[in-house]
Amino acid sequence: LPVATGMLHFLGPVCGLGTGSVLPEHRGLGIQRALLTERIRIGFGRGASRYFAFTENPASARNLEQLGFRKVYDQVSWVRAPTYTAGSAATAEER
């Protein structure tokens, strides 16, 4: 059975490395790094020359840095709670 996943998004010569995960009981064995390496190899084989990834996970960030990636910015996520109450008609702005 699979113990890890990872996606490779092709955007012309640029590829996004996304949705990487390893089951907890299989972490620390180099599986994520192997999947990252394989996805990069596949991308190069299809003509990709640049790669990007997003993560908030320190272990994933370390794996990316060890493969030559560098952090370019910190992402801040924003959310706004709805201001309408249940049963009332919400405006498009409030949705």
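Nothing here was measured: the structure is a model prediction, and the numbers come from that model.

With that out of the way, let us pick up the overall build of the protein chain. Tallying secondary structure elements over the protein chain gives 2 helices and 3 strands in all. In the protein chain, the succession of helices and strands from N to C terminus is β-β-α-β-α. When the 95 residues of the protein chain are sorted by exposure, 19% land in the buried category. When the accessible area of the protein chain is evaluated, it comes to approximately 7,500 Å², of which 57% is carbon and sulfur surface.

Moving on, we get to unusual backbone geometry. Of note in the backbone geometry, Thr19 takes a positive phi value of approximately 55 degrees without being a glycine. Tracing the backbone shows Thr19 in strand S2 (residues 14-22).

This brings us to the nonpolar core. One finds Leu8, Cys15, Leu17, Leu36, Ile40, Ala48, Tyr51 and Leu64 forming the largest nonpolar core, which totals 8 residues. Put simply, the parts of the chain that give this core at least two residues each are S2 and helix H1 (31-45). Once you skip the residues sitting within four places of it in the chain, Leu17 turns out to touch Met7, Leu8, Leu36, Arg39, Ile40, Tyr51, Phe52, Ala53 and Phe69.

The subject of this paragraph is the pattern of salt bridges. Across all of its chains, the model carries 2 salt bridges by this definition. The partner of Glu38 in a salt bridge is Arg41, and the shortest N-O contact between them spans 2.5 Å. Taken together, the residues Glu38 and Arg41, both in helix H1 and 3 residues apart, mark about one turn of the helix. The exposure class of Glu38 is partly exposed, given its relative accessible area of 33%. For Lys71, the salt bridge identified is with Asp74, shortest N-O distance 2.7 Å.

Further remarks concern the layout of surface pockets. Volume-wise, the largest pocket comes out at about 610 Å³. As for the largest pocket, its lining consists of 18 residues, and the residues nearest its centre are Ala53, Phe54, Thr55, Lys71 and Tyr73. Secondary structure elements with two or more residues in the lining of the largest pocket: strand S3 (50-53) and helix H2 (58-66). Broken down by element, the lining of the largest pocket gets its largest block of residues, 4 residues, from H2. Among the residues making up the lining of the largest pocket, the classes are represented as 10 nonpolar, 3 polar and 5 charged. The volume enclosed by the second largest pocket comes to roughly 480 Å³. Looking at the second largest pocket, it is lined by 26 residues, and the ones nearest its centre are Val22, Gln32, Ala59, Ser60 and Asn63. For the lining of the second largest pocket, the secondary structure elements donating two or more residues are S2, H1 and H2. Counting residues per element, the lining of the second largest pocket draws most heavily on S2, at 6 residues. Looking at side-chain class alone, the lining of the second largest pocket contains 9 nonpolar, 12 polar and 5 charged residues.

Conventions and cut-offs
Residues numbered from 1 in each chain as written. Predicted model: local features only at pLDDT ≥ 70, side-chain atom pairs only at ≥ 80, totals over all residues. Heavy atoms only, no water. Helix = DSSP H or I, 4+ residues; strand = E, 2+ residues; numbered from the N terminus. Buried < 20%, exposed > 50% of the residue type's maximum accessible area, 1.4 Å probe, protein only. Areas by Shrake-Rupley, 256 points an atom, 1.4 Å probe, with all protein chains shown as cover. Core = buried A, V, L, I, M, F, W, Y, C linked by side-chain atoms within 4.5 Å. Contact = heavy atoms within 4.5 Å. Salt bridge = Lys/Arg side-chain N within 4 Å of Asp/Glu carboxyl O. 1 Å grid on protein atoms, 1.4 Å probe; cavity = no way out; pocket = protein on both sides within 12 Å on 5 of 7 lines; lining within 4 Å. Points joined across faces, edges and corners; volume = space filled by probe spheres on them. Nonpolar A, V, L, I, M, F, W, Y, C, P; charged D, E, K, R; others polar.

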